[in-house]
Amino acid sequence: MRLLLLACLRAQTGNATTAGRIQDHLEAVGHICSLKDAFGYENPSEIANLISAEKFEAALAIHLYKGGRLLQGSRIPFGIIFGGTDINEDVKHEEKHRVMGAVLEEARFAVAFTEKMKELAAAEWPDARSKIYIQTQGIMTTPSATFNWKRFLQNAGIPQDTENLRLFLLICGLRRVKDPLYLVDVFSEWHRREPHIHLVIIGPAVDTQFTSEVNEKVNRTPGVHLLQEIPQDDLHAAVKRCFAVVNSSISEGMSAAILEAMDLDVPVLARNIPGNAAIIQHKDTGLLFTDPQEFVQLSKSLMNDPTLEREIVTKAKAYVKKHHSWDGEREAYQNLVLRLQ
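What counts as what
- Residues numbered from 1 in each chain as written.
- Predicted model: local features only at pLDDT ≥ 70, side-chain atom pairs only at ≥ 80, totals over all residues.
- Heavy atoms only, no water.
- Helix = DSSP H or I, 4+ residues; strand = E, 2+ residues; numbered from the N terminus.
- Rg over C-alpha atoms; globule rule 2.2 N^0.38 Å.
- Buried < 20%, exposed > 50% of the residue type's maximum accessible area, 1.4 Å probe, protein only.
- Contact = heavy atoms within 4.5 Å.
- Axes fitted to C-alpha atoms, helices over the stretch in contact; angles between N-to-C directions.
- Left-handed = near helix turned anticlockwise from the far one by under 90°.
- Nonpolar A, V, L, I, M, F, W, Y, C, P; charged D, E, K, R; others polar.
- Pairing = 2+ DSSP bridges.
- Phe/Tyr/Trp six-rings, centres within 6.5 Å; stacked < 30°, edge-to-face > 60°.

Going by an unreviewed UniProt entry, the protein carries the name Glycosyltransferase 1 domain containing 1 and comes from Chrysemys picta bellii.

*Asks:* Even after reading the chapter, I still don't get the overall build of the protein, so can you show me in this structure?
*Replies:* When helices and strands are counted, the protein shows 14 helices and twelve strands. A globule of 341 residues ought to have a C-alpha radius of gyration of about 20 Å, and the protein, at 21 Å, matches this closely. Overall, the C-alpha framework of the protein stretches about 60 × 40 × 40 Å when taken along its three principal axes. Residues classed as buried in the protein amount to 55% of the 341 residues present. Relative to all contacts within the protein whose residues are 6 or more apart in sequence, the contacts with residues 24 or more apart total 71%.

*Asks:* Just to check I follow, could you spell out the packing of helix α10 (residues 256-263) against helix α13 (residues 306-323) for this structure?
*Replies:* Packed helix pairs are characterised by how far apart their axes lie and by the angle those axes make with each other. Interhelical geometry of α10 versus α13 gives an angle of 115° and a closest axis separation of 7 Å. Pair α10 / α13 crosses with left-handed handedness. Of α13, the residues touching α10 (which contributes Leu259, Met262 and Asp263) are Ala316, Lys317, Tyr319 and Val320. Of the residues contributing to the contact of α10 with α13, the split by class is five nonpolar, no polar and two charged.

*Asks:* I keep staring at the sheet that holds strand β1 (residues 2-7) and nothing clicks. Help me out?
*Replies:* Hydrogen bonds between backbone groups are what pair the strands of a sheet, and the pairing can be parallel or antiparallel. Strand order in the open sheet made by the six strands is β2-β1-β3-β4-β5-β6, with parallel pairing throughout. With one partner strand each, in any of the chains shown, β2 (32-37) and β6 (132-134) form the two edges of the open sheet. Strand after strand, the sheet turns through a mean of 20° between neighbouring axes, direction not considered. Taken together, the three bridges between strand β4 (residues 78-81) and strand β5 (residues 109-112) define a ladder with parallel strand orientation. Each bridged residue has a counterpart across the sheet, and for Ile81 the counterpart in β5 is Val111. Where helix α5 (residues 115-124) meets the sheet, its contacts fall on β5 and β6, and the angle it forms with β6 comes to roughly 165°.

*Asks:* Teacher, can you tell me more about the sheet that holds strand β11 (residues 268-271) here?
*Replies:* Here we have six strands laid out as an open sheet, ordered β9-β8-β7-β10-β11-β12, and parallel in their pairing. Strands with a single pairing partner mark the edges of an open sheet, and in this sheet they are β9 (224-227) and β12 (287-289). Strand after strand, the sheet turns through a mean of 25° between neighbouring axes, direction not considered. Bridge count for strand β7 (residues 166-171) against strand β8 (residues 197-202) is six bridges, and the pairing is parallel. In the strand pairing of β8, Leu167 is matched with His198. Its contacts with the sheet place helix α7 (residues 184-193) against β7, β8 and β9, and it is angled at close to 150° to β8. Against the sheet, helix α12 (residues 292-303) touches β7, β8, β10 (244-247), β11 and β12, its axis set at about 155° to β12.

*Asks:* Quick question: what am I supposed to make of the packing of aromatic side chains here?
*Replies:* Geometrically, a pair of aromatic rings is defined through the distance of the ring centres and the angle of the planes. By the definition in use, this model includes ten aromatic pairs. When the centroid spacing of 5.7 Å and the interplanar angle of 55° are considered together, the rings of Phe168 and Trp190 count as tilted. Here Phe168, found in strand β7, pairs with Trp190, found in helix α7; they are 22 residues apart in sequence, far enough to count as distant. In this structure Trp190 comes out as buried when scored by relative accessible area, which is 0%. Measuring from centroid to centroid gives 5.9 Å for Phe168 and Phe295, while their planes differ by 65°, and the two rings are edge-to-face.

*Asks:* Would you explain unusual backbone geometry in this entry?
*Replies:* The residue His63 is not glycine, and still its phi comes out positive at about 90°. Residue placement: His63 occurs in the loop between β3 (58-62) and β4. Under the relative-accessibility criterion, His63 is labelled buried at 1%. Even without being glycine, Lys283 reaches a positive phi, approximately 65°.

This is how it looks when you write it as structure tokens:
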């Protein structure tokens, strides 16, 4: 089949990563899957012209509003993959809610990453419950063998002679829903007392105005550093060298960064929100915190208890292997696309 896949394709963001993975799955079994940036189109008529010109037979869209609205009234069958912010945030806006309901009514199927996400969507649009399928994200990590850790620290402005360095890594696109500044003040206070503690925030500038705010805050906050995105293989290698990966988002669909850290045997400390709690069992496969003070407390307990750290990373690795199989996700999307024929 000739398939159109619509997604928001800002580099190194969750939707872009998910889109690339789904494209890979579908092309592996012989479909022609053309990936297009939803931000490049303003309305359904432009997508209708694209479908006609490129003779697409079916379509998929990631994000019920940003991608799905462009497929409204489409003459070809389509499916939707929930993004996370669509169900957690956009649903609160009346007009977006109306549009998303109409899109879901037209869609052949929808994909939720978690049971919680499915229930949230079904609560808003009960008639769609039967067409919402749960499919977790498949994870494959590929850390670079040539990654230069010293250069990474140099680019971050971290002294390379720091004794007993403990580096926490927060991976996210710089936008408000990811709340990268949530832990900055408490981290800086901790760094002043213990100079070997550092936080690196790494990711693309998704929201230009907010990125300026982040830059300004980080520049006057000792112990906290900001880096632009790097290739995924290098990012995976950097994760392996860190003490822990941090997530401080206000809302999440399913964080690939968390799952990748778990697969790379690195402990995760994540804000206790539904999307994170769906994949982390507290003190079993990771640590969940409710405020910055608890984050520091849990981090210190992890640093002082090597046995707890080993148990967490071992169980987290097993969880990812069991529930986030790359091959399992590939098979699931191959089966779902049959519903578009």
